[in-house]
Amino acid sequence: MSESNKNIKRLGIMGGTFDPIHYGHLVTAEEARGRFNLDKVVFVPSGKPPHKKGYRVTEARHRYLMTILAVATNPYFEVSRVEIDRSGYSYTVDTVNQFYEHFDDVELYFITGADAILEILTWKNVEELLSKTNFIAATRPGIELTQLDEVVKKLPVPAYDVIHPLEVPAMAISSTDIRSRVAEKRSIKYLLPEAVEHYIYKNRLYVED
Ligand code: ATP
Ligand code: MG
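Notes on the structure follow. Along each chain, the written sequence defines residue order, and numbers are assigned to residues from 1. Written order decides the labels, with chains lettered from A and ligands numbered from 1. Since the coordinates come from a predicted model, pLDDT governs what is reported: local features require at least 70, and pairs of side-chain atoms require 80 or more to be given and counted, while whole-chain, interface and lining totals use all residues. Hydrogens and waters are ignored; side-chain quantities use all the structure's heavy atoms.

1. Re the pattern of salt bridges
(1) Moving on: Take a side-chain nitrogen of Lys or Arg and a carboxyl oxygen of Asp or Glu: if they are within 4 Å of each other, that pair is a salt bridge. Counting across every chain of the model gives nine salt bridges.
(2) Moving on: E59 serves as the salt-bridge partner of R61, at 2.7 Å between the closest nitrogen and oxygen.
(3) Moving on: The partner of R181 in a salt bridge is D177, with the nearest N and O atoms 2.9 Å apart. Highlighted residues: R181 and D177, both in helix α8 (residues 175-183), separated by four residues, approximately one helical turn. Helix and strand labels come from DSSP, where a helix needs a run of H or I of at least four residues and a strand needs a run of E of at least two; each type is numbered from the N terminus.

Pasting the structure below:
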């Protein structure tokens with residue numbers, strides 16, 4: 001464990017495909033950091049996302065580099081390669097366990113959009129996950145926090161102890177929309193950091209061939 005990790009007591013993990021990363025992700029992570037007093041937020045781009053089987057996902061090296069570019073201006077944000085470097089599908093429970101091994105005495109907060117939490121029952125080892133990790137469920141347009149109640153009722157543990165709802169400034173930004181905009185030659189300005197926008201054009205990502 002490096003010296004700088006010793007004082008990390010409350011750590012946020014922001015998982016995602018980040019294909020590409022956008023201001024919805026960044027605002028959510030920053031809001032979670034402030035609201036839950038997190039010492040740091042680590043962005044974890046997924047290697048092979050199990051829920052995106054059958055979709056075309058951009059090469060991990062591009063998604064990783066775009067995430068690095070996006071967080072560069074925030075001293076509390078970092079990017080981890082754990083899921084990219086692990087073989088097989090990326091499961092949150094494996095990631096969380098790797099973080100617990102790496103940091104002494106840390107409390108983990110897994111930050112996710114409420115849309116992802118609605119699917120938590122399908123996640124690998126959900127019981128183990130809920131027993132050792134806090135979840136921050138951010139609202140995004142189209143998802144009512146009350147929808148969460150339905151899911152929470154079916155969970156194996158009293159989930160409101162570990163699932164914390166978080167209202168973030170409404171942002172209808174999604175990676176799917178950004179990818180179609182690029183393919184249709186429409187502007188993506190102001191939806192994501194400029195450095196990421198330039199990276200997309202330079203590497204001709206999301207253009208249909
Ligand atoms: P895609 O459209 O390809 O599914 P996405 O925009 O949903 O991409 P992901 O990488 O799938 O991005 O999302 C990573 C995490 O960020 C998920 O937990 C998702 O719910 C959350 N998230 C994505 N966009 C927003 C947003 N605009 N506001 C709040 N949370 C978001
Ligand atoms: Mg998504």
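From this point on, the discussion continues.
2. Section: the sheet that holds strand β3 (residues 77-79)
(1) Moving on: Pairing in this open sheet of six strands is parallel, and the strands run β3-β2-β1-β4-β5-β6 from one edge to the other. Single-partner strands in this sheet number two, and they are β3 and β6 (163-166). When strand polarity is set aside, the average angle formed by the axes of neighbouring strands in this sheet is 25 degrees.
(2) Moving on: Sheet topology places strand β1 (residues 10-16) next to strand β4 (residues 107-113); five bridges connect them, and they run parallel. Bridge pairing links M14 to I111 in β4. Strand pairing is assigned whenever DSSP detects at least two bridges linking the two strands. Axis definition: a line fit to C-alpha positions, over the contact stretch in the case of helices; interaxial angles, taken between N-to-C directions, run 0 to 180 degrees.

3. Quick word on the nonpolar core
(1) Moving on: Ranked by internal contacts, the top residues of the largest apolar core, which has 34 residues, are I21, V41, F43, M66 and I200.
(2) Moving on: Put simply, the parts of the chain that give this core at least two residues each are α1 (23-35), β2 (40-45), α2 (60-71), β3, β4, β5 (134-138), α8 and α9 (194-202).
(3) Moving on: By residue number, the principal contributor to this core is α2, which donates four residues.
(4) Moving on: The term nonpolar core refers to a set of buried residues drawn from Ala, Val, Leu, Ile, Met, Phe, Trp, Tyr and Cys, joined through side-chain atoms within 4.5 Å. The cut-offs for exposure are 20% and 50% of the maximum accessible area for each residue type, with area from a 1.4 Å probe on protein chains only; residues under the lower value are buried, those over the upper are exposed, and the others partly exposed. Formed by 25 residues, the second largest nonpolar core is a distinct cluster that contains I8, V96, L129 and V152.

4. Points about α1
(1) Moving on: Take the residue count of a helix, subtract one, and multiply by 1.5 Å to get its expected span. The terminal C-alpha atoms of α1 lie 18 Å apart, and with 13 residues this matches the ideal 18 Å at 1.5 Å per residue to within 8%.
(2) Moving on: By the burial criterion, the buried members of α1 are G24, H25, L26, T28, A29, A32 and R33.
(3) Moving on: Phi turns positive one or two residues past the end of α1, at N37, with a value near 55 degrees.

5. Quick look at the site of ligand 1
(1) Moving on: We call a residue near a molecule or strand whenever a single non-hydrogen atom of that residue lies within 4 Å of it. Looking at ligand 1, there are 21 residues lining it, with H22, G113, D115, S175 and T176 nearest.
(2) Moving on: Here a polar contact is recorded for every N or O atom pair within 3.5 Å, except that within protein the pair must consist of a potential hydrogen donor and a potential acceptor, and residues adjacent in sequence are included only if both atoms are side-chain atoms. Here an oxygen atom of ligand 1 and a backbone polar atom of S175 are 2.8 Å apart.
(3) Moving on: The method behind every accessible area is Shrake-Rupley, applied with a 1.4 Å probe, and residues are considered shielded solely by the protein chains displayed. Surface burial for ligand 1 is 90%, taken as the share of its 600 Å² of free accessible area covered by protein chains.
(4) Moving on: Listed by contribution, the elements that provide at least two residues to the shell around ligand 1 are β1, α1, β4, α5 (114-117) and α8.
(5) Moving on: A class-by-class count of the residues in the shell around ligand 1 yields five nonpolar, twelve polar and four charged. Amino acids outside the nonpolar list (Ala, Val, Leu, Ile, Met, Phe, Trp, Tyr, Cys, Pro) and the charged list (Asp, Glu, Lys, Arg) are all regarded as polar, and Gly is one of them.

6. So, the packing of α2 against α9
(1) Moving on: Running from N to C, α2 and α9 cross one another at 155 degrees; their axes reach a closest spacing of 8 Å. As summarised for this structure, α2 and α9 are arranged roughly antiparallel, according to the angle between their axes. In the crossing of α2 with α9, the sense of the turn from one axis to the other is right-handed. Only A195, V196, Y199 and I200 of α9 make contact with α2, whose side of the interface consists of R61, H62, L65, M66, L69 and A70.
(2) Moving on: Of the residues belonging to the contact of α2 with α9, the class tally is eight nonpolar, one polar and one charged. Working definition: roughly parallel below 35 degrees, roughly antiparallel above 145 degrees, roughly perpendicular at 65 to 115 degrees, and oblique for all remaining angles. A crossing counts as left-handed when the near helix is turned anticlockwise from the far one by less than a right angle, and as right-handed when that turn is clockwise. A contact between two residues is defined here by any heavy atoms of the two lying within 4.5 Å.

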